[in-house]
Amino acid sequence: MEKSHAGSVFDEWSGDHRAPGMEKGHWPVVSRAFELVPEMPGNYLEIGVGNGYSLHHMATNRFRDGHCIGIDLAPGMVRLAGERVAHLPNVTVEQGDFMQWKAPAGMAFSLIFSMEVFYYFPSIQKGIEKAFSLLRPGGWLMVMVDFYRENPSSHEWPEQLGVPMQLWSMREYLEGMERAGLTGVSQRLFSNESRVPSSEATLCTYGVKP
């Protein structure tokens, strides 16, 4: 499979300090978002697994009795994540494009999670709909992004990275999930005080498959 430019960027980042830097910057808000998810049995899917920090957490806590899968475009990130979870028998890490990815036969997910991924898809809406199709009834989709219309400090990222990104507003994320069929769609903004500027906040949009 030919890598997208986003995959190339993250493959490069996997070889320098930015992979652990992303973990340090993201985990404080991701861990708070995970607290919103009720205890539930089943399987976990993470789109854009990075170096595997949140995959490892879920595989050893909430979903230790289920199967956990992480996918990423960047082979370097897949390598890092694979090394991190190599000792866990309930985890699989795969390299690939989520929009082309197929779940193991008969497997549905109780939680599908992503951090800083959906705006790389050519169509955010189609990404949400693909995720919806992989959820079990009662399963949660949780999408977290820093690149959204109400966060102007992020708007230069596509030019800085040379990567196409789809800029949605908070309302568009909410309506996009509702349009896909998710219910109880809600949003939270999580601030990480260690970031500069401290005014930046991560948008978390989540909903449940009926």
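Quick summary incoming for the structure in this document. The structure displayed is predicted, hence computed values, not measured ones.

## Quick notes on the pairing of strand 1 (residues 44-47)
Piece 1. What you see with strand 1 is no split at all: Tyr44 and Glu46 on one side and Leu45 and Ile47 on the other are buried throughout.
Piece 2. The pairing of strand 1 with strand 2 (residues 68-72) spans four bridges and is classified as parallel. Considered in strand 2, the bridge of leucine 45 is made with isoleucine 69.
Piece 3. Between the parallel pair strand 1 and strand 2, the chain is carried across by helix 3 (residues 53-60), and the sense of this crossover is right-handed.
Piece 4. In this sheet, strand 4 (residues 109-115) lies alongside strand 1 in parallel orientation, the contact comprising four bridges. Looking at the pairing, leucine 45 lines up with isoleucine 112 of strand 4.

## Some words on the nonpolar core
Piece 1. Of all hydrophobic cores here, the largest spans 35 residues; its most connected members are Leu45, Phe98, Ile112, Phe118, Ile128 and Leu141.
Piece 2. Listed by contribution, the elements that provide at least two residues to this core are strand 1, strand 2, strand 4, helix 5 (124-134), strand 5 (135-145), helix 7 (170-180) and strand 7 (201-208).
Piece 3. Looking at which element gives the most residues to this core, the answer is helix 5, with five residues.
Piece 4. Those residues in contact with phenylalanine 98 that lie beyond four places of it in its chain are Leu45, Ile47, Ile71, Phe121, Gly127, Lys130, Ala131 and Leu134.

## Quick word on the packing of aromatic side chains
Piece 1. A complete count under the given rule lists 12 aromatic pairs for this structure.
Piece 2. With 4.8 Å between their ring centres and 50 degrees between their planes, tyrosine 119 and tyrosine 120 make a pair best called tilted.
Piece 3. Relative to tyrosine 206, the ring of tryptophan 140 has its centre 5.5 Å away and its plane inclined at 0 degrees; by these criteria the two rings are stacked. Within this pair, whereas tryptophan 140 is found in strand 5, its partner tyrosine 206 is found in strand 7, the two being separated by 66 residues in sequence.

Conventions adopted
Starting afresh in each chain, residues are numbered from 1 along the sequence in its written order. Two thresholds apply to this predicted model, a pLDDT of at least 70 for residue-level local features and 80 or more for giving and counting side-chain atom pairs, whereas whole-chain, interface and lining totals are computed over all residues. Note that water and hydrogens are dropped before the side-chain values are worked out from all heavy atoms of the structure. Burial status follows relative accessibility: with a 1.4 Å probe on protein chains alone, a residue under 20% of its type maximum counts as buried, one over 50% as exposed, and anything between as partly exposed. Strands here mean DSSP runs of E at least two residues long; helices mean DSSP runs of H or I at least four residues long; both are numbered from the N terminus. In this scheme, strands are said to pair when DSSP sees at least two bridges between them. Here the term right-handed applies to a crossover when the path leading from its first strand over the helix to its second strand runs clockwise, the strands being oriented away from the viewer. Here, nonpolar core means buried Ala, Val, Leu, Ile, Met, Phe, Trp, Tyr and Cys residues that are tied together by side-chain atoms lying within 4.5 Å of each other. The contact criterion used is simple: two residues touch if any of their non-hydrogen atoms lie within 4.5 Å. Under the pairing criterion, centres of Phe, Tyr and Trp rings, with the six-membered ring standing for Trp, must be within 6.5 Å; the plane angle then separates stacked pairs below 30 degrees from edge-to-face pairs above 60, leaving the rest tilted.

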